[in-house]
Amino acid sequence: MIWNLGSINIDNFYEVPHLPAPGETLAARSYHSGLGGKGANMSVAAARAAAPVSHIGAVGPEGKWARDRLMEYGVDTPHIALIDVPTGHANIVIDASGENNIVLFQGANVALTEAMIGAALSEASPRDYLLMQNETNGQGYAARVAKSLGLRVAYAAAPFDADAIAVLTGLIDLLVLNAVEAAQLHEATGTPLEALGIPDVVVTLGDEGCKWVSNAGVRAFDAYPATPVDTTGAGDTFTGYLVGGLDRGLGMEAAIDLALKAASLMVMRHGTADVIPDLKEIQDRFGS
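Residues numbered from 1 in each chain as written. Predicted model: local features only at pLDDT ≥ 70, side-chain atom pairs only at ≥ 80, totals over all residues. Heavy atoms only, no water.

(A) The overall build of the chain, seen in detail. The number of helices and strands found in the chain is nine helices and 13 strands. Referenced to the eigenvectors of the C-alpha coordinate spread, the extents of the chain come out at roughly 50 × 45 × 40 Å. Counting the 288 residues in the chain, one finds 52% classified as buried. Contacts in the chain between residues at least 24 apart in sequence constitute 63% of all its contacts with a sequence separation of at least 6. Here the chain has roughly 12,100 Å² of accessible surface; of this, 53% comes from carbon and sulfur atoms. Mean positive and mean negative side-chain charge positions of the chain (17 and 33 charges, respectively) differ by 6 Å. (Helix = DSSP H or I, 4+ residues; strand = E, 2+ residues; numbered from the N terminus. Buried < 20%, exposed > 50% of the residue type's maximum accessible area, 1.4 Å probe, protein only. Contact = heavy atoms within 4.5 Å. Areas by Shrake-Rupley, 256 points an atom, 1.4 Å probe, with all protein chains shown as cover. Lys, Arg positive; Asp, Glu negative; His and termini not counted. Charge placed at Lys NZ, Arg CZ, Asp CG, Glu CD.)

(B) Quick peek at the packing of helix α7 (residues 234-247) against helix α8 (residues 252-266). For the pair α7 and α8, interaxial distance at closest approach is 8 Å and the crossing angle is 150°. With respect to α8, the element α7 is oriented roughly antiparallel. For the pair α7 and α8, the sense of crossing is right-handed. Where α7 abuts α8, its residues Ala 234, Thr 237, Phe 238, Tyr 241, Leu 242, Gly 245 and Leu 246 lie against Met 252, Ala 255, Ile 256, Leu 258, Ala 259, Leu 260, Ala 262, Ala 263 and Met 266. (Axes fitted to C-alpha atoms, helices over the stretch in contact; angles between N-to-C directions. Parallel < 35°, antiparallel > 145°, perpendicular 65-115°, else oblique. Left-handed = near helix turned anticlockwise from the far one by under 90°.)

(C) Inspection of the sheet that holds strand β6 (residues 88-94) at higher detail. With mixed pairing, the four strands of this open sheet are ordered in space as β3-β2-β6-β7. Of all the strands in the sheet, the pair left with one neighbour each is β3 (30-36) and β7 (100-105). Averaged over all adjacent pairs, the angle separating strand axes in this sheet is 20°, with direction ignored. Here six bridges tie β6 to β7, and the two strands are oriented antiparallel to one another. Looking across to β7, one finds that Asn 91 is bridged to Val 103. Packing against the sheet, helix α2 (residues 64-72) makes contact with β2 (9-15) and β3, and its axis sits at approximately 65° to β3. (Pairing = 2+ DSSP bridges.)

(D) Representation of the sheet that holds strand β9 (residues 152-156) in the model. Taken together, nine strands build an open sheet; the order of strands is β5-β4-β1-β8-β9-β10-β11-β12-β13 and the sheet is mixed. For this open sheet the edge positions go to β5 (80-82) and β13 (217-221), each flanked by a neighbour on one side alone. Going across the sheet, the axis of each strand differs from the next one's by a mean of 20°, ignoring polarity. In this sheet, strand β11 (residues 200-204) lies alongside strand β10 (residues 174-178) in parallel orientation, the contact comprising five bridges. The partner of Leu 177 across the bridge, within β11, is Val 203. Sitting on the sheet, helix α6 (residues 179-189) is in contact with β10 and β11, with an inclination near 110° to β10. Docked against the sheet, α8 engages β10, β11, β12 (210-214) and β13, running at close to 155° with respect to β12.

Right, dumping it as structure tokens:
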């Protein structure tokens, strides 16, 4: 079982000819909205990887539809609180090559209480996973409770915050970050990934695949070929599928391979949580 302490956002997408420069006004070529947030994306990805996942989070009065949609996608939702704080949202501009800029409003995502988090984790079992990102509050409390209950802690260090990682020192079993975040972590700590004391570190490298750093050394994995139209949510899809595969009992190599396949399909789609591929789509494309 995966317990995902994660953000839930309303994503607003604007397709533009190029990413705007400072002071520049651009007319969007198209607009649409949907379910997003790193937490929601990862919950959907884990569920579509056939793993049981319960989301711990909050939405405002106008965001009840987001909680309902997560349930439709197979995510357990009793621990998503409906509170009197606006739902988080993200305004995402995407250029013709699929690159993006994002402005994020955190809203209800940072109004979680320890009581909410503790009530959810009280239902967890040893060897379950606690999955977290940096778009909510309460990570330190959640990690301490999880470790005391025998859970494994998976942490996606995004958006990067050196202080947030410091709070989790000694509590992380699996760290997932991209190349930029890995460089920021090294600059902040002065410590190479191999010396962090974290059993497993996975660094995503975009179209170059990823690398896995463990006590056994460093192993590189190639990406699957894809023509990207929108990179939004690809990293979240990778992480959700990675943790979902591990929770289902796959070894790290097999879970990484599955996650890379999912991410390669994701970058060829416009959108976030609503378009994350399911396991059958991956099996149909790449074989079982």
